[in-house]
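Now for the letters of each chain:
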Amino acid sequence: QKVRKLIKEKMSSQKAELGIVYGRRRVGKSTLLRALTKESRSLYFEGIKGLSSIEQVKHFCRQLADQTKTLPVLAYSWQDAFDALSAYVKNKKIYVVFDEFPWMANERQELVGILKFYWDNNWKKNPKITLVLCGSVAQFMVKHLIHSEALHNRKTFEMKIFPLPCNEGALFLKNKRSLFETAQFLMAFGGIPKYLEQLEPKESLARNMDRLCFKKNSFFVNEFETLFKEQFKVIKTYEKIVKALSSSKLTKEELAKKIKTTTGGGLTTYLSNLEQAEFIRKEVSIDIEGKGEKTKTVKYVLSDEWLRFYFTYMASRLKTIEINTQNGLFEKITSSSIANYWGISFENFCMKNIEVIFKALDINSSEVLSWGPYFKQASRKHNAEGVQIDIVILKKGNVVVVVECKFKEGAVGFSIVEEVQNKIKKIKIPTKITIEKVLITANGVLPSVEREDYFNQILTLKDLLVI
C-alpha cells in the first residue's frame, strides 16, 4: 500500500517524474504497476527475455500501436521507437511503465544512455508525465539504474518491493487454517505473492504441498530452474552456493571449501549477486560485549524460504516427483525431519519479520541502534564455550533485548528459562547494560514458565500473524 500511495502521488505531481521500481522476481511488481494503469491515461511496455535488440524495438512499437490504436511505426532502432513515443506523450497527462527493463535492454547499458537523452530533451519537458522503469534482474537494476551516472539527478524516486510481512501473507489463507499451519505455509513459501496465490486455503498443508511440489507437472517442480535462469545467465555456480547454504550458515571460507573453489573475487561476485536478488543474506554477530568490528565473523544464510525447502526436500528427488501422481509423497519424504526443519526455519521467519516483532514489542524503530543474531565460537585457548542467540536488539539507553525463537506444537516448558539463562551467562555483558528477555513461540508456555516471570515479554503466533 505504501508503494501504491507513493506512485499515485507521483502521478498527480506537477512536474515530470522518473522512477525506478525493483525487487526479486515473483514479488508482485508488475501486478502493482499494471493495476495503476487503470487509474490514469497510461502506456505499459514489457520487454521479453531473449529477444535481440531489434526484436525488442519491434515489440515495443507493436505495444505502442496496440495501446494508442495507431499503425505500427517502422522502427530499426530505439531512437525510432522513442521518437514515436515522444510524439504521443507530448503535453499529455500520462503514466508510462517500462517493465522488465533489463530484458528490454538485453541486459546492456546502451539503452540507459538513449533513455537519458530522450528524458532530457523530450519527455521531462512534459510536467504531467510519470515514467517508471521496472525490473527484477538485480545486478542490472542496481548497477545500471540505481547507481547509474546517466540517470544521476534525473530519477525522482526509487522503490524496492519487498516480500509481504507475515501478517499480510497470512491473509492469503483466509482464516481457514490454524495459526500454526499458517506459519508453516509462510516458512515454506515466504511472503511472495505469486507463491501464496497458489495455495488452496480449504486444503491442509500436506495436500497443498503434494499438489504444488510433489506431483508430476506441479507448479514448483521447475520453479528453481526458471527463477535462476531468468535472474542469472549461467546458474551452475549459483546452484552450488544455495545448495550448500540450504543445510547451514557458512562463512565465505567454509562455503569455498564446501563447493571446492577459492575465496577470491569470483565467489565474492556470486555472493553479491545472490544477496542483491534477496536469495541470501549476510549475518554479522551483534557486538554485545563492545569489542568492536574486528572480532566479528560474517556468515552467509540462505534466507529465501522456498529455496531452502526445495534443496532440503525436492532437489534430490525430482525424478521421483516428476512421475508421481498420488497424494502422500510430502509426508513420506518429510515425516522424520520436518519438525526440526520448522524449528530452524522459525529463526529465519522471525528475523525477516523483525518490523512486525518490533510492533508487537512496542519498540519504536527510532529506539533501535542495531539488531541481528549473536554467535560466538567455542575457544579452547580461552576455555570459552560457544553460544548463539537467535535475535539481539540493541536499544538506546544501554538496553539489550535477547530474543529466543521456539516453534513447536505444544506449549514451551520450563527448560527454556534455563536455556536462555545459560546463554546469557556465557556472554560478558558490561554491568551498565540492562538485559530484557523475550520469548517468541508458536503456542505459548506452560504455567511453570509464567510463574517464574523470567521473560519480559512472551509473544505467540497470534501477535505476529493477526492484523
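Scroll up a little and you will see the structure.
Residues numbered from 1 in each chain as written. Predicted model: local features only at pLDDT ≥ 70, side-chain atom pairs only at ≥ 80, totals over all residues. Heavy atoms only, no water.

Give a detailed account of the overall build of the chain, specifying residues and quantitative values.
Counting its regular elements, the chain contains 23 helices and twelve strands. Relative to its length of 467 residues, the chain is compact, with a C-alpha radius of gyration of 25 Å against a globular reference of 23 Å. Across its three principal axes, the chain shows a C-alpha extent of roughly 75 × 55 × 45 Å. Of all 467 residues assigned to the chain, the portion counted as buried reaches 51%. Positive and negative charge centroids in the chain, built from 75 and 52 side chains respectively, lie 3 Å apart. (Helix = DSSP H or I, 4+ residues; strand = E, 2+ residues; numbered from the N terminus. Rg over C-alpha atoms; globule rule 2.2 N^0.38 Å. Buried < 20%, exposed > 50% of the residue type's maximum accessible area, 1.4 Å probe, protein only. Lys, Arg positive; Asp, Glu negative; His and termini not counted. Charge placed at Lys NZ, Arg CZ, Asp CG, Glu CD.)

Requested: an account of the nonpolar core, with residues and values cited.
Core analysis: the largest hydrophobic core is formed by 101 residues, its most contacted members being F189, F214, F228 and I440. Setting aside anything within four residues of it in sequence, one finds F228 in contact with I235, Y238, V242, L274, F279 and L307. Within the second largest apolar cluster, 41 residues are counted, among which are A75, I94, I129 and L133. (Core = buried A, V, L, I, M, F, W, Y, C linked by side-chain atoms within 4.5 Å. Contact = heavy atoms within 4.5 Å.)

Residues and numbers for the side chain of E283, please.
Examined against the element boundaries, E283 turns out to sit in strand 6 (residues 280-284). The class of E283 is buried, set by a relative accessible area of 2%.

Please set out the pattern of salt bridges residue by residue, giving values where relevant.
Under the counting rule described, the total for this entry stands at 26 salt bridges. A salt bridge links K249 to E347, with the nearest nitrogen and oxygen atoms 2.7 Å apart. Taken as a pair, K249 in the loop between helix 13 (236-245) and helix 14 (252-258) and E347 in helix 19 (residues 338-352) lie far apart in primary sequence, 98 residues in all. By relative accessible area, which is 24% here, K249 ends up partly exposed. For E347, a relative accessible area of 13% gives the class buried. (Salt bridge = Lys/Arg side-chain N within 4 Å of Asp/Glu carboxyl O.)

An account of the sheet that holds strand 2 (residues 42-46) is needed here, citing residue identities and associated values.
Each strand in a sheet pairs with another by means of backbone hydrogen bonds, the pair being arranged parallel or else antiparallel. Taken in spatial order, the five strands line up as 2-3-4-1-5 in an open sheet, and their pairing is parallel. Either end of the sheet is taken by a strand with one partner, and the two such strands are strand 2 and strand 5 (157-160). Neighbour-to-neighbour, the strand axes of the sheet open up by a mean angle of 15°, direction not taken into account. One ladder, built from six bridges, connects strand 1 (residues 17-22) with strand 4 (residues 129-135); its direction is parallel. By the bridge assignment, V21 is partnered in strand 4 with C134. The strands touched by helix 4 (residues 78-89) within the sheet are strand 2, strand 3 (94-99) and strand 4, with strand 3 carrying the most contacts at an inclination of about 155°. The strands touched by helix 7 (residues 138-146) are strand 1, strand 4 and strand 5; relative to strand 1, the strand with the most contacts, the crossing angle is about 160°. (Pairing = 2+ DSSP bridges. Axes fitted to C-alpha atoms, helices over the stretch in contact; angles between N-to-C directions.)

Can you explain the environment of V403? Please cite residues and give values.
For V403, the location among the structural elements is in strand 10 (residues 399-406). In sequence terms V403 and I458 are 55 residues apart; their C-alpha atoms lie 9.6 Å from each other. Here V403 is in contact with I389, D390, I391, I393, V438 and I440, once residues within four sequence places are set aside.

Please set out the side chain of D390 residue by residue, giving values where relevant.
When you line up the elements, D390 lands in strand 9 (residues 387-395). Put simply, D390 is tucked away with no salt bridge, and the nearest opposite charge, on K423, sits 4.9 Å away. Reaching out from D390, the side chain makes a polar contact with the backbone nitrogen of C405 at a distance of 2.8 Å. Ignoring sequence-local partners within four residues, the contact set of D390 consists of E347, M351, G372, P373, V403, E404 and C405. (Polar contact = N/O pair within 3.5 Å; in protein donor to acceptor, adjacent residues only side chain to side chain.)

Would you mind going over the packing of aromatic side chains in detail, with residue names and values included?
Scanning the model with the defined rule gives 39 aromatic pairs in all. Between F45 and F60, the ring centres sit 4.0 Å apart and the planes meet at 15°, which makes this aromatic pair stacked. You can see F45 sitting in strand 2 and its partner F60 sitting in helix 3 (residues 53-68), a full 15 residues away along the chain. Assigned by exposure class, F45 and F60 land together as buried. Ring plane angle 35° and centroid distance 6.4 Å describe the contact between F309 and F330, whose orientation is recorded as tilted. Remark: F330 occurs in helix 18 (residues 329-334) and F309 occurs in helix 16 (residues 305-314); sequence separation between them is 21 residues. In this structure F309 comes out as buried when scored by relative accessible area, which is 0%. The ring of Y88 carries K92 above its face, with NZ or CZ at 4.3 Å from the centroid. (Phe/Tyr/Trp six-rings, centres within 6.5 Å; stacked < 30°, edge-to-face > 60°. Lys NZ or Arg CZ within 6 Å of the ring centre and 35° of its normal.)

All quantities given are derived from atomic positions and should not be read as evidence of function.
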